[in-house]
Amino acid sequence: MLLFCLPPAVLAAADAEPAAFWRLLAGNLAGEAAAALREAPPADPRERALAEAAILVARQPLTDERLREAERRLNALATVADEAGAAALYLAGRLHQVHYTTPDYPRAAAYYRQLADAQPASSWAQLGLVKLALLTLHVLPDPATPAARLTAADALLDRVTVPVLRRDLLIVLGRARLFYELDPERARADLLAADAIGGLSGLAEADLALQIGELSFRAGDDARALRYFGRFLQSNDADPRVYAVQQRLKAIAARKGGP
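Only a predicted model underlies this, so the values are computations on that prediction, with no experimental measurement involved. (Residues numbered from 1 in each chain as written. Predicted model: local features only at pLDDT ≥ 70, side-chain atom pairs only at ≥ 80, totals over all residues. Heavy atoms only, no water.)

Caption draft 1: Structural view of helix α8 (residues 123-138). The first and last C-alpha atoms of α8 sit 23 Å apart over 16 residues, in line with the 22 Å expected at 1.5 Å per residue. Buried residues dominate α8, accounting for 13 of its 16 residues. Regarding α8, its N-cap is serine 122, as a side-chain oxygen of that residue lies 3.0 Å from the backbone nitrogen of tryptophan 124 further along. (Helix = DSSP H or I, 4+ residues; strand = E, 2+ residues; numbered from the N terminus. Expected span 1.5 Å × (residues − 1). Buried < 20%, exposed > 50% of the residue type's maximum accessible area, 1.4 Å probe, protein only. Polar contact = N/O pair within 3.5 Å; in protein donor to acceptor, adjacent residues only side chain to side chain.)

In structure tokens:
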């Protein structure tokens, strides 16, 4: 229940099978979701109200007027500190982060902070903290300097205890350090900690392995660079970055006095 906006790894970890209307909504089938909701409404009226608000947001064409109505409904649900209330606050934040014609990032951040303060253990609050970190690092006006942005985002890490979301926040932090060219060794530590949590696959896993390999190469940690470059090559032989990795492997061999 109420998991349709969470990443697949969180959904799997929750060991829950969402109702048909949530599954349809997750597949961007708003009309079908609305029909399924009418045919088999949940016993909990708050879950139904949440689903109706979410369907408003999913219907196309989307207008700010409809978004304001959805936000009004979400705020009404948010007055109760239960799962529906937590989901409502998270979704209200997302409205201002990505859905309105003109994003209002400070208002989105305010919703995420409100949720984290009200229900800190909720998976919705934990997901909101990852979104808050992204906003803090890249778009909010304050803090103003890269170092201060990283300090503020770092302070959120201890509050994120869901493993896959903690992993995602570690990746966000590590890549922000690289983006701002601040403390590449700490960036590598963040990415290694994320990798230790695991759970990534496909391109996301390849990107992480390649980034750790490159940072290890630059740090002179050839043993770790070889491990991560090897992991990248094992599963990504058709990736256009293979040539660059092969050149790094030659450089490591040369550094060791090899052929």
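Caption draft 2: Spotlight on the nonpolar core. Among the nonpolar cores identified, the biggest contains 76 residues, and Leu50, Leu74 and Leu169 are the most heavily contacted of them. In terms of residue count, the dominant contributor to this core is α8 (9 residues). (Core = buried A, V, L, I, M, F, W, Y, C linked by side-chain atoms within 4.5 Å.)

Caption draft 3: Examining the pattern of salt bridges more closely. Across all of its chains, the model carries 20 salt bridges by this definition. Among the ionic pairs, arginine 72 bridges to glutamate 69, the shortest N-O distance being 2.7 Å. In this pair, arginine 72 and glutamate 69 are both assigned in helix α5 (residues 64-77), 3 residues apart and thus about one turn of the helix distant. Its relative accessible area of 27% is what places glutamate 69 among the partly exposed residues. Where glutamate 205 meets arginine 231, a salt bridge forms, and the shortest distance between an N and an O atom there is 2.8 Å. With glutamate 205 in helix α12 (residues 202-218) and arginine 231 in helix α13 (residues 222-235), this pair connects stretches of sequence that are 26 residues apart. (Salt bridge = Lys/Arg side-chain N within 4 Å of Asp/Glu carboxyl O.)

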